[in-house]
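So the chains spell out like this:
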Amino acid sequence: QVQLVESGGGLVQAGGSLRLSCAASGLTFSNYAMGWFRQAPGKEREFVGYINWSGSSIYYGDTVKGRFTISRDKNTVYLQMNSLNPEDTAVYYCAAAARRDVVANANMYDYWGQGTQVTVSS
């Protein structure tokens, strides 16, 4: 059974930082590209970041470029979030994709975590 479990969310003041983790189990992690998405209340799901199976290909959504960093190790994908602002408030989800080059296409991801809440106060 595949499981993706996010952690690290919470409440932070504007300008602060958080590091999200997504621990994967039940799959061969090195065979999967990983993505981070977020969804704020009343808004559509938004692409945040993507890292391919080897870590050699990384992409970010326009609203987080220069502030967020995605990385991965043995069985975990991370999202380091710096310079947070209230517009970053959302539930953050990690997702795994067996297909190559899915990047921002949420429909192409095979597995999703339950999400972790990030709230940025002004």
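Structure shown above.
Positions within a chain are numbered from 1, following the residues in the order the chain's sequence is written. Note on the predicted model: pLDDT of at least 70 is required for a residue's local features to be given, and 80 or more for side-chain atom pairs to be given and counted; whole-chain, interface and lining totals, by contrast, use all residues. To get the side-chain values, all heavy atoms of the structure are used, and hydrogens and water are removed first.

### Considerations on the overall build of the protein
Right, on to step 1. Secondary structure counts use DSSP, requiring at least four H or I residues in a row for a helix and at least two E residues in a row for a strand, with both numbered from the N terminus. Helices and strands together make up the secondary structure of the protein, namely zero helices and eleven strands.
Right, on to step 2. Reading the protein from its N end, one meets helices and strands in the order β-β-β-β-β-β-β-β-β-β-β.
Right, on to step 3. Throughout, radius of gyration means the C-alpha value; the globule benchmark is 2.2 Å times the number of residues raised to the power 0.38. For the protein, the C-alpha radius of gyration of 13 Å lies close to 14 Å, the compact-globule estimate for 122 residues.
Right, on to step 4. Projected onto the principal axes, the alpha-carbon positions of the protein cover approximately 40 × 25 × 25 Å.
Right, on to step 5. The proportion of buried residues among the 122 residues of the protein is 43%. Burial classification: accessible surface area is computed with a 1.4 Å probe over protein chains only, and a residue below 20% of its type maximum counts as buried, one above 50% as exposed, and the rest as partly exposed.

### Side note on the sheet that holds strand β7 (residues 68-72)
The pairing of strands in a sheet comes from backbone hydrogen bonds and takes either a parallel or an antiparallel form.
Right, on to step 1. With antiparallel pairing, the four strands of this open sheet are ordered in space as β1-β3-β8-β7. Two strands in the sheet have a free side with no partner beyond their single neighbour: β1 (3-7) and β7. Sheet twist, expressed as the average angle between the axes of neighbouring strands with direction ignored, equals 15 degrees.
Right, on to step 2. As defined by bridge partners, β1 adjoins strand β3 (residues 18-25) across five bridges and the pair is classed as antiparallel. Within the sheet, the bridge partner assigned to L4 lies in β3 and is A24. When DSSP finds two or more bridges between a pair of strands, those strands are recorded as paired. An axis is simply a line fitted to the C-alpha atoms; with a helix, the fit covers only the stretch in contact. Between two such axes, the angle follows the N-to-C directions and lies from 0 to 180 degrees.

### Thoughts on the state of the cysteines
Right, on to step 1. In this description, a disulfide is simply a cysteine sulfur pair whose atoms lie within 2.5 Å. Per the stated rule, a full pass over the model turns up one disulfide.
Right, on to step 2. Across the disulfide, C22 is cross-linked to C94 (sulfur-sulfur distance 2.0 Å). The S-S bond linking C22 to C94 shows a torsion near 50 degrees; that makes this disulfide right-handed. Taken together, the residues C22 in strand β3 and C94 in strand β9 (residues 90-97) connect sequence positions 72 residues apart. Accessibility assignment for this pair places C22 and C94 in one class, buried.

### A short note on the pattern of salt bridges
Right, on to step 1. Each reported salt bridge corresponds to a side-chain nitrogen of Lys or Arg within 4 Å of a carboxyl oxygen of Asp or Glu. Taken as a whole and judged by the stated rule, the model has five salt bridges.
Right, on to step 2. Among the salt bridges present, the one from D110 reaches R99, with a minimum N-O distance of 3.7 Å. Separated by eleven residues along the polypeptide, D110 in the loop between β9 and β10 (111-112) and R99 in the loop between β9 and β10 bring together distant segments of the chain.
Right, on to step 3. Relative accessible area serves as the criterion here: at 36%, D110 is assigned to the partly exposed category.
Right, on to step 4. One connected set of salt bridges, linked through shared partners, spans R38, E46, R67 and D88.

### A word on the environment of E44
Right, on to step 1. Mapped onto the secondary structure, E44 falls in the loop between β4 (33-39) and β5 (46-51).
Right, on to step 2. On the basis of relative accessibility, which here comes to 72%, the residue E44 falls in the exposed class.
Right, on to step 3. Dropping the residues within four chain positions of it, E44 is found in contact with R38 and Q39. Contacts are assigned to residue pairs that have any heavy atoms within 4.5 Å of one another.

### Let's talk about the nonpolar core
Right, on to step 1. Counting 27 residues, the largest nonpolar core has M34, W36, F68, V77, L79, M81 and Y92 as its most contacted members.
Right, on to step 2. Only β3, β4, β5, β7, β8 (76-81), β9 and β11 (116-121) provide two or more residues apiece to this core.
Right, on to step 3. The residues contacting L79, other than those within four sequence positions of it, are L18, R19, L20, W36, V48, F68, T69, I70 and Y92.
Right, on to step 4. Buried residues of nine kinds, namely Ala, Val, Leu, Ile, Met, Phe, Trp, Tyr and Cys, make up a nonpolar core once their side-chain atoms join them within 4.5 Å. Core analysis: the second largest hydrophobic core is formed by ten residues, A33, F37, F47 and A97 among them.

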